[in-house]
Amino acid sequence: MPNHRYPSPHFQNLLAGFLAGLIGLSLGCYAKPDVTASSPHVPAHEVANTATKSVIGTASNRDETLVFVEQMRSQVDAFCGDCHVSPKPANVERDRWQKEVEQGFEFYRISGRDDLKPPPIEAVTRFFQSLAPERLAMPTSIVGSPLSSINFQSTTVSKPAAQAAAAQPPCISALKWLELDSGGAKSLVYCDLGTGTIYRYQPESVDVAPTPLAVLFQPAQFAPRDLNNDQKTDLVVADLGEFLPSDSDLGRVVWLKRREQGDQFDPIVLQDGLGRVSDVSPADFDGDGDVDIVVAEFGWRKTGRVLMLDNQGTDENGIPKFDLQVMDNRHGSMEVPVVDLNGDGLLDFVVLFSQEFECIEAFINLGHGKFEKQLVFKADDPTYGSARIEVADLDGDGDQDVVYANGDSFDTGSKAYHSVQWLENNGKFPFEHHHIAYMPGVLAIKVADFDNDGDVDIVAGSLVAKRLDESFETAGVESLIMLEQIAAAEFKRTKIETSAYYHGAIGTGDFDGDGRVDIAVGNFLHFNPTLSARHDFTIWKNLGPR
């Protein structure tokens, strides 16, 4: 098997494809979330004065264009909206629509379907271009927020100098604070897709650089779990296998098994031959006392599923054996957090689907290995940009809600409607949708009580591959924000950092034992290898109220 641990010279293009495949603030600082029935769009008062409005024709041909659009609308909706909702012309800049339409026709060609009657491609392109804006304008509320009421002190963390100089720029996709050492000490554990390495860093040892735990193909995500009941924390890893958007079979689920002595780990492949694996969550779903694993096999076009690895006991070497069960045949699954969503004592899981599906679904555990799918949220555009979900009780009512970020900017660029959203659990499906804050490129979110006031807040970071316009960076657009909950479900947007749009992961925890929640923000720099910042992540130490 060829060595897939390190990216090819074309890594930048591959990475863009990976994020495009894996992976939208109200006026003023105080605002209650707006309740909407479907995915939000930027209101008129939020659009900057420099916005270019959609133009459907000059004064001389406007009527002709209107007639053409109405004649084409039903044909476009029938063809482009057959297997997913039809794209919204206003969500992509005018000069990009030719490429988007050509791609859509190519998807239909390779699908093997022949049951639709495609309209002329030139007419479809003209339809979308006639209704599209010349360029996308950013909402006004993504700049000018006050500083966070919490005083943070930043410290950067890097690999050893010699190792960092020889490696690809850091590409941090997961970062978690967890107990990993046999002595009970906690560490920041993180995945670097650029080197295929999982690292451990102990903040109290400020003079000690991160140390590698394992080198795999491209570890995208991991979860801590004692998989063999030896009272030691192991890691279950989602190994993407291949950056390039493809239907490769290099995806794996890997067990990092702690050795009997010391704190070293041995990689053991639990399942290979999979499509690109983006997430794993181990849990005892069937209540039989052993650990099963739900897997987000993102795949690409012909591959991709949601899988359950049902634990069947161990082999003669003590290695768990699993029966692979297909829970859903759709590609594009990104995250699969586990939670008892309905409080019945059975563990459910939630799936974030991207690609053309752009939805969140709950798999409700009915017992005896049976699950029932329920829609939590569905966006009304296939380019909505689903990026991350976090399951948490955001409003303090005792049930589990979903915090959602749609900020994938690697496909059709940053969007004005990229945002942080709250899907409220009111005891029925779908959940009630609330818009919280606009943030183009938002890719990382975490929920915690950062100000120690008894309710939870949200920290969000952005990874922007393509700017909204040339003024994006010079305008000081906020790249790391704190959404402070100042009353029940009422958030104040504040800023921690501006103009550093390369954050792929956020981890939180009390890193120094002072009783306050700190923040670690992972850097994802491969899309911009000339960037001067080369550190793996930044620790934002919480010093308390400003």
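Analysis parameters
Residues numbered from 1 in each chain as written. Predicted model: local features only at pLDDT ≥ 70, side-chain atom pairs only at ≥ 80, totals over all residues. Heavy atoms only, no water. Axes fitted to C-alpha atoms, helices over the stretch in contact; angles between N-to-C directions. Helix = DSSP H or I, 4+ residues; strand = E, 2+ residues; numbered from the N terminus. Left-handed = near helix turned anticlockwise from the far one by under 90°. Contact = heavy atoms within 4.5 Å. Nonpolar A, V, L, I, M, F, W, Y, C, P; charged D, E, K, R; others polar. Buried < 20%, exposed > 50% of the residue type's maximum accessible area, 1.4 Å probe, protein only. Expected span 1.5 Å × (residues − 1). Arc of directions from axis to C-beta. Core = buried A, V, L, I, M, F, W, Y, C linked by side-chain atoms within 4.5 Å. Pairing = 2+ DSSP bridges. 1 Å grid on protein atoms, 1.4 Å probe; cavity = no way out; pocket = protein on both sides within 12 Å on 5 of 7 lines; lining within 4 Å. Points joined across faces, edges and corners; volume = space filled by probe spheres on them. Parallel < 35°, antiparallel > 145°, perpendicular 65-115°, else oblique.

## Overview of the packing of helix α2 (residues 62–80) against helix α4 (residues 121–131)
- Two elements in contact, α2 and α4, have axes separated by 9 Å at closest approach and are oriented at 115 degrees. In this structure, the crossing between α2 and α4 has a hand that is left-handed. Residues E64, T65, F68, V69, M72, R73, V76 and C80 of α2 form the contact with α4, whose own contacting residues are A123, V124, R126, F127, F128, S130 and L131.
- Its residues placed into classes, the contact of α2 with α4 shows ten nonpolar, two polar and three charged.

## Focus: α4
- Along α4, the positions that sit buried rather than exposed are A123, V124, T125, F127, F128, S130 and L131.
- On the buried face of α4, the contacting elements are α2 and α3 (97–111).

## Quick notes on α3
- For α3, built from 15 residues, the straight-helix expectation of 21 Å at 1.5 Å per residue is met to within 8% by its first-to-last C-alpha distance of 21 Å.
- Those residues of α3 that fall on the buried side of the exposure criterion are W97, E100, V101, F105 and Y108. Along the long axis of α3, the arc covered by the buried residues comes to 135 degrees, so they all point the same way. Among the exposed residues of α3, those pointing more than 90 degrees away from its buried face are K99 and R109.
- Residues of α3 that are buried sit in contact with α2 and α4.
- Backbone geometry just after α3 places G112 at a positive phi near 85 degrees.

## Some remarks on the nonpolar core
- Residues L341, I360, V376, F377, I389, Y404 and L423 are the most contacted members of the largest nonpolar core, which totals 19 residues.
- Put simply, the parts of the chain that give this core at least two residues each are β18 (348–353), β19 (359–367), β20 (370–378) and β22 (401–406).
- Among the elements that make up this core, the one with the highest residue count is β19 (three residues).
- Ranked by size, the runner-up nonpolar core spans 18 residues in total, among them V403, V420, I436 and V442.

## Remarks on the sheet that holds strand β10 (residues 251–258)
- With respect to topology, four strands assemble into an open sheet ordered β8-β9-β10-β11, the strand pairing being antiparallel. Looking at strand neighbours, the two that pair on one side only are β8 (219–225) and β11 (265–274), the edges of this open sheet. The sheet shows a mean angle of 20 degrees between the axes of neighbouring strands, direction not considered.
- Both β10 and β11 contribute to a ladder of seven bridges, which runs antiparallel. What sits directly across from V253, in β11, is Q271.

## A short note on the layout of surface pockets
- The calculated volume of the second largest pocket comes to roughly 680 Å³.
- Surrounding the second largest pocket, 27 residues form its lining, K176, Q221, P337, E390 and K446 being those nearest its centre.
- Looking at the lining of the second largest pocket, the elements that each hand over two or more residues are β4 (172–179), β8, β12 (277–283), β21 (386–392), β25 (442–448) and β29 (503–509).
- Of the residues forming the lining of the second largest pocket, the biggest block, five residues, is contributed by β4.

## Side note on the packing of α3 against α4
- For the pair α3 and α4, the least separation of the axes is 9 Å and the interaxial angle reads 135 degrees. In terms of their interaxial angle, α3 and α4 are classed as oblique. Crossing of α3 over α4 shows right-handed handedness. Residues W97, Q98, V101, E102 and F105 of α3 touch α4, and the partners they reach there are I121, V124, T125, F128 and Q129.

## Thoughts on the sheet that holds strand β31 (residues 537–545)
- Reading across from one edge, β3-β31-β30-β29 is the order of the four strands in this open sheet, with antiparallel pairing throughout. Of all the strands in the sheet, the pair left with one neighbour each is β3 (150–157) and β29. Geometrically, the sheet is characterised by an average inter-axis angle of 20 degrees between neighbouring strands, direction not taken into account.
- Here β3 runs beside β31; their pairing, made up of seven bridges, is antiparallel. Bridge pairing in β31 links S154 to W540.

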